[in-house]
Amino acid sequence: MQPIKAPKQDRDYDDRFLDCQEAIENKIQQVMEEAIRAGWTREEAAAALVEVADLVMKLASKIGRTREVRIVSKEAQSRIANGAADHLAVDD
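Described in the following lines is the structure provided in the data block.

Each value, and the rule that gives it
Residues numbered from 1 in each chain as written. Predicted model: local features only at pLDDT ≥ 70, side-chain atom pairs only at ≥ 80, totals over all residues. Heavy atoms only, no water. Helix = DSSP H or I, 4+ residues; strand = E, 2+ residues; numbered from the N terminus. Buried < 20%, exposed > 50% of the residue type's maximum accessible area, 1.4 Å probe, protein only. Contact = heavy atoms within 4.5 Å. Areas by Shrake-Rupley, 256 points an atom, 1.4 Å probe, with all protein chains shown as cover. Expected span 1.5 Å × (residues − 1). Bend = angle between axes of the 7 residues up to and from the residue. Salt bridge = Lys/Arg side-chain N within 4 Å of Asp/Glu carboxyl O. Axes fitted to C-alpha atoms, helices over the stretch in contact; angles between N-to-C directions. Parallel < 35°, antiparallel > 145°, perpendicular 65-115°, else oblique. Left-handed = near helix turned anticlockwise from the far one by under 90°. Nonpolar A, V, L, I, M, F, W, Y, C, P; charged D, E, K, R; others polar. Patch = residues over 30% accessible without salt bridge, like charges linked within 9 Å, V, L, I, M, F, W, Y side chains within 5 Å. Lys, Arg positive; Asp, Glu negative; His and termini not counted. Charge placed at Lys NZ, Arg CZ, Asp CG, Glu CD.

### A word on the overall build of the chain
Next, step 1: A tally of helices and strands in the chain yields three helices and two strands.
Next, step 2: In the chain, the succession of α and β elements from N to C terminus is α-α-β-α-β.
Next, step 3: Counting over 92 residues, the chain shows a buried share of 16%.
Next, step 4: Within the chain, residue pairs in contact and separated by at least 24 positions form 20% of the contacts whose partners lie at least 6 positions apart.
Next, step 5: Here the chain has roughly 7400 Å² of accessible surface; of this, 51% comes from carbon and sulfur atoms.

Here it is in structure tokens:
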């Protein structure tokens, strides 16, 4: 699998968000295929991806920094929901 493409420019530009979506699309498809091979339904895998993406977005907006964000457990998810997420699953 090819690596994710970098943005076309370092600064903001009109199609940056669309370019990001296109850049990660193959990786998302790979995750979906692996989940289905593991026994999850397409609907379960898609719903899980949406939920994880939502949690990552919530955590990223709470910490306000550009860093790798990982949801590590249901406890971490609960802390995010309760607003105590400043120290959770952030890699420097």
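### Thoughts on helix α1 (residues 16-37)
Next, step 1: With 22 residues, α1 should reach 32 Å at 1.5 Å per residue; the first-to-last C-alpha distance of 32 Å fits that figure.
Next, step 2: Along α1, the sharpest kink reaches roughly 40 degrees, centred on E25.
Next, step 3: For α1, the complete set of buried residues consists of D19, A23, M32 and A35.
Next, step 4: On its buried face, α1 sits against α2 (42-63).
Next, step 5: Directly after α1, the chain includes G39, whose backbone phi takes a positive value near 115 degrees.

### Observations regarding the pattern of salt bridges
Next, step 1: Summed over all chains, the structure comprises two salt bridges.
Next, step 2: Put simply, K8 and D19 hold a salt bridge, and the shortest N to O gap is 3.7 Å. Taken as a pair, K8 in the segment before α1 and D19 in helix α1 lie far apart in primary sequence, 11 residues in all.
Next, step 3: Residues K58 and D54 are paired through a salt bridge, measuring 3.2 Å at the closest nitrogen-oxygen approach. With K58 and D54 both in helix α2 and four residues apart, the pair spans about one turn of that helix.
Next, step 4: Residue classification places K58 among the partly exposed residues on the basis of a relative accessible area of 38%.

### Structural notes on the packing of α1 against α2
Next, step 1: Contact pair α1 / α2: the axes reach a minimum separation of 9 Å and the direction vectors enclose 135 degrees. One element, α1, and the other, α2, form an angle in the oblique class. Between α1 and α2 lies a crossing whose hand is right-handed. Residues I28, V31, M32, A35 and I36 of α1 lie in contact with α2, whose contacting residues are R42, A45, A46 and L49.
Next, step 2: When its residues are assigned to classes, the contact of α1 with α2 shows eight nonpolar, no polar and one charged.

### A word on a negative patch on the surface
Next, step 1: A contiguous patch of negative charge, built from D12, D14, D15, E22 and E25, is present on the exposed surface.
Next, step 2: Here D14 lies in the segment before α1.
Next, step 3: By relative accessible area, D14 is classed as exposed at 81%.

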